[in-house]
Amino acid sequence: MPRLLPALLLGVALGGVPSLSMPGLAAAPTQSQAEIARLSLALQQALNDPSDTALEALLASPDSQASLLERRRAFLKRFPEARWQVTPGGALADGRDSLKVSVRGTREDGPIRYRMQASQRLAIRSQGGRLLEQEVIEEQSLMRSGDTPPPVSVRIPDAVLTGSRYDVDVVFETPLDGALVAGGLVTLTDAQWQQQDQPEIQLGPLGGGGLFKSVRAPLTEGHQNWAALLVHPEGIVTVGKRVRVVDQRDRLEL
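The rules we used
- Residue indices follow the written sequence of each chain, beginning from 1 at its first position.
- Predicted model: local features are reported for residues with pLDDT of at least 70 only, side-chain atom pairs are reported and counted for 80 or more only, and whole-chain, interface and lining totals are derived from all residues.
- Side-chain descriptors were evaluated using all non-hydrogen atoms of the structure, hydrogens and water having been removed beforehand.
- Helix and strand definitions follow DSSP, with helices as H or I runs of at least four residues and strands as E runs of at least two, each counted in order from the N terminus.
- Remark: exposure states derive from per-residue accessible area (1.4 Å probe, protein chains only) relative to the maximum for the residue type, with buried under 20%, exposed over 50%, and partly exposed in between.
- Throughout, a contact is declared for two residues whenever any of their heavy atoms are within 4.5 Å.
- Accessibility throughout is a Shrake-Rupley quantity obtained with a 1.4 Å probe, and a residue counts as covered only by protein chains that appear here.
- Helix span, expected: 1.5 Å multiplied by one less than the number of residues in the helix.
- Here the arc refers to the set of directions running from the helix axis out to each C-beta atom.
- Salt bridge, as applied in this entry: a Lys or Arg side-chain nitrogen positioned within 4 Å of an Asp or Glu carboxyl oxygen.
- Classification of ring pairs rests on two measures: the distance between centres of Phe, Tyr or Trp rings, Trp counted by its six-membered ring, which must be within 6.5 Å, and the angle between planes, read as stacked under 30 degrees, edge-to-face over 60 and tilted in between.
- Paired strands, in this sense, are two strands between which DSSP finds at least two bridges.
- A fitted line through C-alpha atoms serves as each axis, taken over the contacting stretch for helices, and the angle formed by two N-to-C directions is quoted from 0 to 180°.
- Per residue, pLDDT captures the predictor's confidence, and it can take any value from 0 to 100.

Trainee: Where do I start with the overall build of the protein chain in this structure?
Mentor: On a plain count of helices and strands, the protein chain comes out with five helices and twelve strands. Counting the 254 residues in the protein chain, one finds 46% classified as buried. Restricting the contact set of the protein chain to residue pairs at least 6 apart, pairs at least 24 apart contribute 65%. Summing over all exposed atoms, the protein chain offers an accessible surface of approximately 12500 Å²; the carbon and sulfur share of this is 50%.

Trainee: So what exactly am I meant to see when it comes to helix α2 (residues 33-47) here?
Mentor: Note that an α-helix has 3.6 residues per turn; residues three or four places apart therefore point the same way. Along its 15 residues, α2 runs 21 Å from first to last C-alpha, staying within 8% of the 21 Å computed at 1.5 Å per residue. Ile36, Leu39, Ser40, Leu43, Ala46 and Leu47 are the residues of α2 that are buried. Along the long axis of α2, the arc covered by the buried residues comes to 130°, so they all point the same way.

Trainee: I tried to follow the pattern of salt bridges on my own but got confused; where do I start?
Mentor: The tally for this structure, following the rule as stated, stands at ten salt bridges. Three or more residues joined by partner-sharing salt bridges are found here, namely Asp52, Arg72 and Arg73.

Trainee: Can you help me understand the packing of aromatic side chains in this one?
Mentor: Given two aromatic rings, one states the distance between the centres and the angle between the planes to describe the pair. Under the counting rule described, the total for this entry stands at two aromatic pairs. Here the aromatic rings of Phe75 and Trp84 are separated by 5.5 Å at their centres, their planes lie at 45°, and the arrangement is tilted. Here Phe75 and Trp84 have matching classes, each one buried. These aromatic residues form a ring-pair network of at least three members: Phe75, Phe79 and Trp84.

Trainee: I'm lost on unusual backbone geometry in this one. Help?
Mentor: A negative phi angle is the norm for most residues apart from glycine, just as the trans form is the norm for most peptide bonds. Notably, Asp177 is not glycine yet its phi reads approximately 50°, a positive angle. Classification of Asp177 as exposed rests on a relative accessible area of 74%.

Trainee: What am I meant to see in the environment of Gly235 here?
Mentor: In this structure, Gly235 sits in strand β12 (residues 235-246). On the basis of relative accessibility, which here comes to 9%, the residue Gly235 falls in the buried class. Sequence-wise, Gly235 and Arg144 are 91 residues apart; in three dimensions their C-alpha atoms are separated by 6.8 Å.

Trainee: Help me understand the pairing of strand β8 (residues 182-188), please; the structure alone is not making it clear to me.
Mentor: A regular strand places its side chains so that they alternate between the two faces of the sheet. For β8, the buried fraction is high: five of the seven residues fall into the buried class. Note that β8 and strand β9 (residues 204-205) share two bridges and pair antiparallel. By the bridge assignment, Gly183 is partnered in β9 with Gly204. Pairing of β8 with strand β11 (residues 222-232) involves seven bridges; the strand directions are antiparallel. For Gly183, the partnering residue across the bridge sits in β11 and is Leu230.

Trainee: Hey, could you run me through the sheet that holds strand β10 (residues 210-216) in this one?
Mentor: Whenever strands of a sheet pair, they do so through backbone hydrogen bonds, lying parallel or antiparallel. With antiparallel pairing, three strands are arranged side by side in an open sheet as β5-β7-β10. One side of each edge strand has no neighbouring strand; the edge strands of this open sheet are β5 (152-155) and β10. Sheet twist, expressed as the mean angle between neighbouring strand axes with direction ignored, is 10°. As paired strands, strand β7 (residues 165-172) and β10 are joined by seven bridges and run antiparallel to one another. When the bridges of β10 are listed, Val168 appears paired with Lys213.

Trainee: Please explain the environment of Leu58 as it appears in this structure.
Mentor: Within the fold, Leu58 resides in helix α3 (residues 53-58). The class for Leu58 is buried, based on a relative accessible area of 9%. Placed 15 residues apart in sequence, Leu58 and Leu43 show a C-alpha to C-alpha distance of 7.3 Å. Not counting chain neighbours up to four residues away, the residues in contact with Leu58 comprise Leu39, Ala42, Leu43, Ala46, Gly129, Arg130 and Leu131.

Trainee: Would you explain the confidence of the model for the protein chain in this entry?
Mentor: Reading predicted coordinates in detail is not appropriate for stretches of low pLDDT. In the predicted model, the protein chain carries a mean pLDDT of 84, and 87% of its residues have values of at least 70. Here helix α1 (residues 11-14) is the element of the protein chain with the lowest mean pLDDT, 45, and strand β6 (residues 159-161) is the one with the highest, 97. Within the model, pLDDT remains below 50 along residues 1-29, and this stretch shows 95 contacts once partners closer than five positions in the same chain are excluded.

Trainee: When you look at the environment of Asp97 in this model, what are you seeing that I'm missing?
Mentor: You can see Asp97 is positioned in strand β2 (residues 97-109). Asp97 sits in the buried class, given a relative accessible area of 7%. Each C-alpha atom of the pair Asp97 and Arg125 lies 6.5 Å from the other, and the pair is 28 residues apart in sequence.

Take a look at the structure:
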């Protein structure tokens, strides 16, 4: 059974900053648009700086600093030329600000070249130009092999209700023209997701131009983590997607 190629989600780079969004936590004041713009630029520059100094200065917690820097170093060993982009993501209904973070990179494994892209939207609280806390509210990664990897569309919701059924679809955007394709899908625990485990995925033949699954969300709040692998004559595509699971409809949109 083929193993999932390392999707290397952006959580590797920012997962070290703990989420402190708990009942009773005093809310930090929402920062101005100009302050959030300055913070996003500073974070982008720090992530793209080979040294650790600038990134350390942006994190309020020493524990967060150590965890983040370790993850970032491991990430850069696999994608040494990775480049990050950070932009303001707008204010959320609960008063928090948000950032949109993306990363792109390539790596070579023998004769095979992989192209990776991943994105997150982070709910944050900040003060004085430093991150006090963050929560990942959207996360997805895509990695492709080959010189002309097939384009795909990932149609998986960012948030779903507890116990609901929803579709997990990864679709080839171009006609298959008789090409034989295979794929598979697995769920990952939160620990596997954070540690970037490489699970085994049982492949099966795909019809209809992609992977189409109807799945059920857990009965309790949290996250449901998906890893998909698609094999095409022109290359391999791996997808990682984290879905928020909430118990109130008004929390589907933040």
